[in-house]
Structure formats: structure tokens, C-alpha cells
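Given next are the chains, with one letter for each unit.
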Amino acid sequence: MNSKAMDEFEALLKESFEIDTPEEGTVVKGKVIAIESGQAIIDVGYKMEGRIDIKEFADPGEAPRSAVGDFVEVFLDRVENARGEAQISREKARREEAWDRLEKAYESETRVDGAIFGRVKGGFTVDLGGAVAFLPGSQVDVRPVRDAGPLMGMKQPFQILKMDRRRGNIVVSRRAILEESRAEQRAEVIGNLTEGQTVDGVVKNITEYGAFVDLGGVDGLLHVTDMAWRRVNHPSEILNIGETVKVQVIKINKDTHRISLGMKQLQSDPWDAVEKLYALGTLHKGRVTNITDYGAFVELEAGVEGLVHVSEMSWTKKNVHPGKIVSTSQEVDVMVLEIDSVKRRVSLGLKQTQRNPWEVFAETHPVGSQIEGEVKNITEFGLFVGLDGDIDGMVHLSDLSWDQRGEDAIQSYRKGDTVTAAVIEVDVEKERISLSVKALGADNFSEAVDGVKRGEIITVAVSAIEEGGVEVEYNGAKSFIRRSDLARDRADQRPERFNVGDKIDVRVTAVDPKTRKLGLSIKAREIAEEKEAVEQYGSSDSGASLGDILGAALKGDKA
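Scoring rules and cut-offs
- Residues numbered from 1 in each chain as written.
- Predicted model: local features only at pLDDT ≥ 70, side-chain atom pairs only at ≥ 80, totals over all residues.
- Heavy atoms only, no water.
- Helix = DSSP H or I, 4+ residues; strand = E, 2+ residues; numbered from the N terminus.
- Expected span 1.5 Å × (residues − 1).
- Buried < 20%, exposed > 50% of the residue type's maximum accessible area, 1.4 Å probe, protein only.
- Contact = heavy atoms within 4.5 Å.
- Pairing = 2+ DSSP bridges.
- Axes fitted to C-alpha atoms, helices over the stretch in contact; angles between N-to-C directions.
- Salt bridge = Lys/Arg side-chain N within 4 Å of Asp/Glu carboxyl O.

Visitor: Just give me the short version of helix α3 (residues 175-191), but keep the residues and values in it.
Guide: The end-to-end C-alpha distance of α3 is 24 Å, a good match for the 24 Å that 17 residues give at a rise of 1.5 Å each. What α3 keeps buried is the set Ile 177, Arg 186, Val 189 and Ile 190.

Next up, the structure:
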């Protein structure tokens, strides 16, 4: 054989070896020639055979499929192992095959089939037909799943969110598939609904503000205010989860696919007859349903509530929280004060069902009548006295005593003392009752000075000598003459020239019922007498001396 022929033979032999002997680490085709002891014996060509466990032939969520004569692709790990057989793996072949297939699906954003087969931290493992992917817990369902047991091993579609072949990482989502199908189903159901339509639904979930009702693949919100015409504190009062209810479609938002539902719209509106049943000024019984800082809501009938404002709750209890006057569920008598059908409001009064205590007091206690009560409060301007009907009357400082200043007289009173007083005024509109303690006693001053007029000369008795003047008494009423009024001449303006018991004539310069004092002056009397003498006996300007005039006046007095 020449050299040329030798070269050709070697090339053919090398080509033959390359073709006939598969390379380790590659995927090769083989044929199942026998199944024994749970293993499939596979001929991979050129007198090479290998064994693979039958379970490696199972697709996700399905039983293993393998029969004699089947052609399969396997991964050749080693051409010959210790037993003289080829070391092959169906699983590794499927993995390589799967990665190629999954990369195409990821690029085209198409779904892939797989089965959840294990639980790991933060989620689950999924077999995607040879490749293992991670399913985060948040991507299992549209709502949190407490028990993933029923989902394990079940063949189902997944969406690939992320994949990295070099690192062997694949992240998938089941939730994305559900949301997509749910959106399609939702759009279909919503397309068949119209506003105003009455449909049956199943209560799926209950919250504080309402309930979600399943209308056959799509949820609608039944707000608590649309459940009944009456006040509903919590939806659980009238609904149970799983209950079938008849609802009306109130509104459909085409953009957000949100559906608003109502139950009360299928019932007659009690407000249609409110004005006829609850005329202004009429009395009705009601039940307190809610209490706020500004008043209490009273249910007159199912669906019709009125507000008793805090100002209409009590004649006497002012600035008190409504909860101190009424309690929830209490039955009360109320009067209709106002109806606004447009705003669906009824204003009610609680105090109007009882008589105005000031009116009752005015009828039973005319001016001048006597009352007895306890001192409730003492202020800088008087006493507040508790009266019948839980109302107060006031004794002003000026009405406490005839003889003392009000500021002094009030010092003798204490909270809780019982006082007797006379009614001097009742103002029903202003809710004010004026009382007087001093009206029950004699007015000594008025009696003493009765008939005394300004300018008159009266005789008083000296009762005390003081540095600034003298104290005098007239019919039991005391007054004070200041030093400057004791005489016309400064030299005689000395208090010590008088003695207690002396009788002196004085001129009245003032009668003051407020201060309960007489203004008295000896000086004014002397000046007045001098003026009178001058007028009667001549003027000093005409040549007569003042001594002559006064002497003549004195002679005239003696005559």
C-alpha cells in the first residue's frame, strides 16, 4: 500500500472512530432494549449499553413512561464504568434539553409546564421537565397560600420571570398565570354586567367597611352604607361568609374593573314617607344608636335616623358630653324639630319633651315669693343657689345685705350653706333667676331717713369721736361728718371739741341709697345761715358790718 493509500485509510479509520465512539459529556441517542428491576437498559450504539432508573423517564406530575423499543436521548457521563457499561443519565439529558427549550420560552414570554415538588426557604422548587426552578412564596397565588399541599406534584403552567444558565438559576411565577386568566375571566364577567342589574353573589370576605361578593369569577364591593337603609355598625351584623345574597350593580368602573354593589337599593326607601310620618313638633319614641361629641343619633325606624344635637339634649346640663345624658340602645322620647329630605336629615330635640324648668319656676314662684336653696357656687359677683328643677338662681353682691358692703357680706357664706332669699326677677328667655337675701330683712336706713331731703337741717347725736371727724346717728342710721365739715372756720374744725352724746344741728348735703349714707355738714349749715342773715338784715357792702348783721339776726331769732 503506497503512502497515499495509507493516509486515506488512517483518515477513514479516524473518522470511523469519531463517528462510532460518542464523546463523553454529550447527549446521545439510545434505544431501550430491556426493562428489569426498575431500570431501563439502553443501547447507545457500538456495543455500548447503560442503565437508567425508570423514574428518570417521568414528566412533571405524571407517572414514568418507558417501553422496550423506545428511542431516547441520554447524557453520556462515561464511555465505560466499573461494570464495563456506559454511565448514562436521562435526567442530565433532559436538563440540557430543558434549558434550550426554556430559554426559547423565556425569550418569547410563553408559559412552560412544570410541577412543584419541594419546599425551600422562601418558596418552592419546581421541575420544569428536567430543569429545576425556584418559585417564591409570593408568586404562588394571588392571595397568600397557607397550605400548598394540594398544589404539590400537580402539572400546571408557569411564567419564567428570570433565568441565568451559567449559574443554573431559574425563577418562575404561578401567580402571573392566575392573574392573567383571572383578568380574562373578569373582563368577560364584567362585559356581561350592566349598572342597575340585579345579580346573585356569594359573600367571599367581610371587612369593617363592607363585604366582597363573588359574582362568578369577579368580586364586587358591597359597602356597609349600601347594605341597609338603617345604620349598620359592622357588616357581620347582617352577612356571613359563604352566604348567597341578591345585590344590585350600582357602578362599574371600566378602567379599574371595580364593581360597586348595593342591597338596600332593592328595598323601598323609608325616606319616601318621612315628612308624612314625622311632622314638625310631633313626639316619637326612638332608640339611641350612636353617641358622638356633638350629639346622639336616634333611630325612629329602620333606615330613618335623626340627630339630637348636644344643645337640644337638656335644659340644664350645659357643656356636658352626650354620653353623660343618654346611653347607646336607650329608648328615648324625642320631638321632631326639622326635616331636610334632600340631605336626608332629621333634627330632633330631647329637652323639648319636657317642660322648660324656668317656665315652671316662673309659674310656681312669682316675684316676691320666698325660696330656700343650697349655695352651689360662690363667685366674685355673687352666690349661685340651687333651686327646684335642677336650675340655679343668683344673689348679686348688692342683694346680700342692707348694712354691709357686698364684698364684706359674701365672706360669711360657704359652699353648701342653706340660704333663704326672695325672688326678684325671672327671665325665662335668658334662663336667669335673680334672688335677694336682703329683701327678706328690714331696710333700716330707708326707714330712718324716710322724708329727709337734701338741704334740710336735722339734729344728730354724736356717737364717736375720730381723728378724721365725728360719727353721728340719726334715727338709728349712722353717718360720718368729716373734719373739714365740722365748722366754717378752720380753727374750729377740731373733732375733740365735741363729746359723745352731743346734739348738733347739721345740713343734709346728700342722701345716697346706694352707699346707704347721709352726707352731713356743720360748715354747710353755718354758711347757709350766714347767707340767709345777709339777705334778711342787709349787706356788708352797704356799710353794715358782719357783726352788726349777725347780731341783728340773733336778736331777731330771740324775738
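Visitor: Just give me the short version of the environment of Asp 293, but keep the residues and values in it.
Guide: Residue position: Asp 293 is located in the loop between β16 (283-292) and β17 (295-301). Separated by 16 residues in the primary sequence, Asp 293 and His 309 place their C-alpha atoms 9.4 Å from one another. In this view, Asp 293 contacts His 321 and Pro 322; residues no more than four positions away in its chain are not counted.

Visitor: Residue-level account of the sheet that holds strand β27 (residues 469-474), with values.
Guide: Paired through backbone hydrogen bonds, the strands of a sheet run either parallel or antiparallel to each other. The antiparallel open sheet is built from 5 strands, whose spatial order is β28-β27-β26-β29-β30. Two strands bound the open sheet, and with one partner strand each, they are β28 (477-482) and β30 (517-521). On average, adjacent strands in this sheet sit at an angle of 50° to one another, irrespective of strand direction. Here strand β29 (residues 503-512) pairs with β30 via 5 bridges, running antiparallel. By the bridge assignment, Ala 510 is partnered in β30 with Gly 519.

Visitor: Describe in detail the pattern of salt bridges, supporting the description with residues and values.
Guide: Going through the model one piece at a time under the given rule, you end up with 13 salt bridges. Where Glu 359 meets Arg 355, a salt bridge forms, and the shortest distance between an N and an O atom there is 3.8 Å. What makes Glu 359 partly exposed here is its relative accessible area of 36%.

Visitor: Go over the sheet that holds strand β19 (residues 331-340) with me, naming the residues and quoting the values.
Guide: Here we have 5 strands rolled up into a closed barrel, ordered β16-β17-β18-β20-β19, and mixed in their pairing. Averaged over all pairs of adjacent strands, the angle between their axes in this sheet comes to 50°, without regard to strand direction. Pairing geometry for β17 and strand β18 (residues 304-309), over 6 bridges, is antiparallel. Its bridge partner being in β18, Phe 297 is matched across the sheet by Leu 307.

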